Amino acid sequence: QVQLVESGGGTVQAGGSLRLSCAASGLTFSHYAMGWFRQAPGKEEFVASISFSGGSTYYADSLKGRFTISRDNAKRTVSLQMNSLKPEDTAVYYCAADRYGLGSERSNDYDYWGQGTQVTVSS
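This report concerns the structure included in the present document. Please read these numbers as outputs of a predicted model, since none were measured by experiment. (Residues numbered from 1 in each chain as written. Predicted model: local features only at pLDDT ≥ 70, side-chain atom pairs only at ≥ 80, totals over all residues. Heavy atoms only, no water.)

A word on the sheet that holds strand β8 (residues 77-82)
To keep things clear, this is the line we draw: Any two strands with at least two DSSP bridges between them are considered paired. Numbering goes from the N terminus for both helices and strands, where a helix is a DSSP run of H or I of at least four residues and a strand is a run of E of at least two. For helices, the axis comes from a line fit to the C-alpha atoms of the stretch in contact; other axes are also lines fit to C-alpha atoms, and the angle between any two N-to-C directions lies between 0 and 180 degrees.
Read across the sheet, 4 strands follow the order β1-β3-β8-β7 without closing on themselves; strand pairing throughout is antiparallel. Looking at which strands have only one partner, the edges of the open sheet turn out to be β1 (3-7) and β7 (67-72). Recorded for the sheet is a direction-independent mean angle of 15° between the axes of neighbouring strands. The sheet contact formed by strand β3 (residues 18-25) and β8 spans 6 bridges and is antiparallel. From the neighbouring strand, Leu18 faces β8, where its bridge partner is Met82.

Below, the structure written as C-alpha cells:
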C-alpha cells in the first residue's frame, strides 16, 4: 500500500521559514517524480516538483526564490524549504507522486497523494 506522509507544517509569523517533509512507502520511490501542491479555500495551486532523479526542479513562478524542493532517494523523502513566508502562503500542503514523471505542474498527472499538512502564516 502506497503511503505519502507529510510533516513539518505549523504556524509561523510572516517572514519566517518552515521545512515540510514527505515520507514515502510502498512504492519504488526513485521511479516517481514528486510534487508539492497547496490548497487554500477556493484555490488549488502547484507549488514545486522534482524529477525522479532529482536532476530537474520546477516551481510556480510566484514562488521562485523563496521555496526549494529537494529529495533523498535513499531515505525516500522529498522536502520543501519555505522561506520568507507570507500570509498568502497559508494553505494545506500536499505531496504527490507521479510514476515515471518528470515533474508535472498538473495535479491530474499524479498517482498518489498524501493527506496534507497545514501551514498558517500570521501577519
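Having seen the model, we can carry on.
As for the pattern of salt bridges
Inclusion rule: Every case where a carboxyl oxygen of Asp or Glu lies within 4 Å of a side-chain nitrogen of Lys or Arg is listed as a salt bridge. When accessible area is computed with a 1.4 Å probe and restricted to protein chains, residues below 20% of their type maximum are described as buried, those above 50% as exposed, and intermediate ones as partly exposed.
For the structure on display, the rule yields 5 salt bridges. A salt bridge links Asp61 to Lys64, with the nearest nitrogen and oxygen atoms 3.3 Å apart. No difference in accessibility class separates Asp61 from Lys64, as the two residues are exposed. Ionic pairing is found between Arg66 and Asp89, a salt bridge with its closest N-O pair at 2.8 Å. Taken together, the residues span a long stretch of sequence, with Arg66 in the loop between β6 (57-59) and β7 and Asp89 in the loop between β8 and β9 (91-99) at a distance of 23 residues. Residue Asp89 is classed as buried on the basis of its relative accessible area, which comes to 0%.

Regarding the pairing of β9
Sheet topology places strand β4 (residues 32-40) next to β9; 8 bridges connect them, and they run antiparallel. Residue pairing across strands places Phe37 opposite Tyr94, the latter belonging to β9. As paired elements, β9 and strand β11 (residues 117-122) share 3 bridges and run antiparallel to each other. Of the residues in β11, the one forming a bridge with Tyr93 is Thr117.

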